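Descriptive analysis of the structure
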Amino acid sequence: MKQFLAVCLVLVFAVAAHAGNNPQVYAYISFDPAGDETQNAVMPTPYTTVNAYLCLGCVEGGMTVISFGLNNVMVDCEGVMGTQAFVNLLPGGLMIGDPFDGVGATIASTDCMPMDPVIVGYGSYFYLGGECCIEIVDHAQYPRWVVDCQSPGVEDYYCVEGHGSVGGAVCPEGENCPCDTPVEDATWGGIKALYR
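These lines cover the structure that appears in this document, whether it is placed above or below. For clarity, every value in this text was computed on a predicted model and none was experimentally measured.

A separate point is the overall build of the chain. Helix and strand content of the chain: three helices and 14 strands. A burial count over the chain gives 39% of its 196 residues as buried. Within the chain, contacts between residues separated by at least 24 positions form 74% of all contacts whose residues are at least 6 apart in sequence. Surface summary for the chain: the accessible area is close to 10800 Å², and the carbon and sulfur share equals 59%.

Next comes the structure, spelled out in structure tokens:
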């Protein structure tokens, strides 16, 4: 029995050692340059540019790398968007791949990004008119990876909280992935009582 408990304890610590510092990180689309989560829909005037910001929330341990994809609106919403391009906002401008090609892109920052939210970059679209959803999709090789600021960095996996609606489109629902790490006040006596 003692051997079984020892093996279980080793497994628990081994699994915990692999986890990164952003266990509840989530991604979402915002039409606000500051990353306001509530700004996930826009009703633009035809023949104007729409910027859809890819944001990360609950980035407790900072981040240095993200792998992601965005749906190809030129195919998915034919006739609604005239152009699409992605602009990397992370320091260093390091990006491998294309977010729209079905494989995805990996972006690395030359600095640790400790803020919350992190504005990764934005998709820039020329809107012609109509409805379209801008969706976060999985990278083909590194689905939902976010690497924290440890040295060496350790990956966590973001969940997709929400997509972006353009022109009143009804988009797929995001996952229920709030950052639920409430911090409660505690006294030293209260902490000691937990271990009695």
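With that settled, consider the state of the cysteines. Applying the stated rule across the entire model yields four disulfides. For Cys-112, the disulfide goes to Cys-149, at an S-S distance of 1.9 Å. Where Cys-112 bonds to Cys-149 through sulfur, the torsion about that S-S bond is close to 95°, and the disulfide is right-handed. Of the two residues, Cys-112 sits in strand β7 (residues 104–113) while Cys-149 sits in the loop between β11 (145–147) and β12 (155–157), which places them 37 residues apart along the sequence. Residue Cys-112 is classed as partly exposed on the basis of its relative accessible area of 37%. Bridging Cys-159 to Cys-177, the disulfide has an S-S length of 2.1 Å. Looking down the S-S bond of the Cys-159 and Cys-177 bridge, the torsion is 135°, so its handedness is right-handed. Of this pair, Cys-159 sits in strand β13 (residues 159–162) while Cys-177 sits in the loop between β14 (164–166) and α3 (188–194); the two residues are 18 residues apart in sequence, bridging distant segments of the chain. You'll find Cys-159 and Cys-177 in the same group, each marked buried.

How each quantity is defined
- Along each chain, the written sequence defines residue order, and numbers are assigned to residues from 1.
- Where totals are concerned, whole chains, interfaces and linings use all residues; where local detail is concerned, this predicted model gives features only for residues with pLDDT of at least 70, and gives and counts side-chain atom pairs only at 80 or more.
- Hydrogens are left out, water is left out, and the side-chain values use all remaining heavy atoms of the structure.
- Elements are defined by DSSP. Helices are runs of H or I of four residues or more, strands are runs of E of two residues or more, and each kind is numbered from the N terminus.
- Exposure categories follow from relative accessible area, calculated using a 1.4 Å probe and restricted to protein chains: below 20% of the type maximum is buried, above 50% is exposed, and the middle band is partly exposed.
- Throughout, a residue-residue contact means that at least one pair of heavy atoms, one from each residue, lies within 4.5 Å.
- Areas reported as accessible are Shrake-Rupley estimates using a 1.4 Å probe. Residue values count occlusion only from the protein chains shown.
- Note on terminology: pairs of cysteine sulfur atoms within 2.5 Å are recorded as disulfides.

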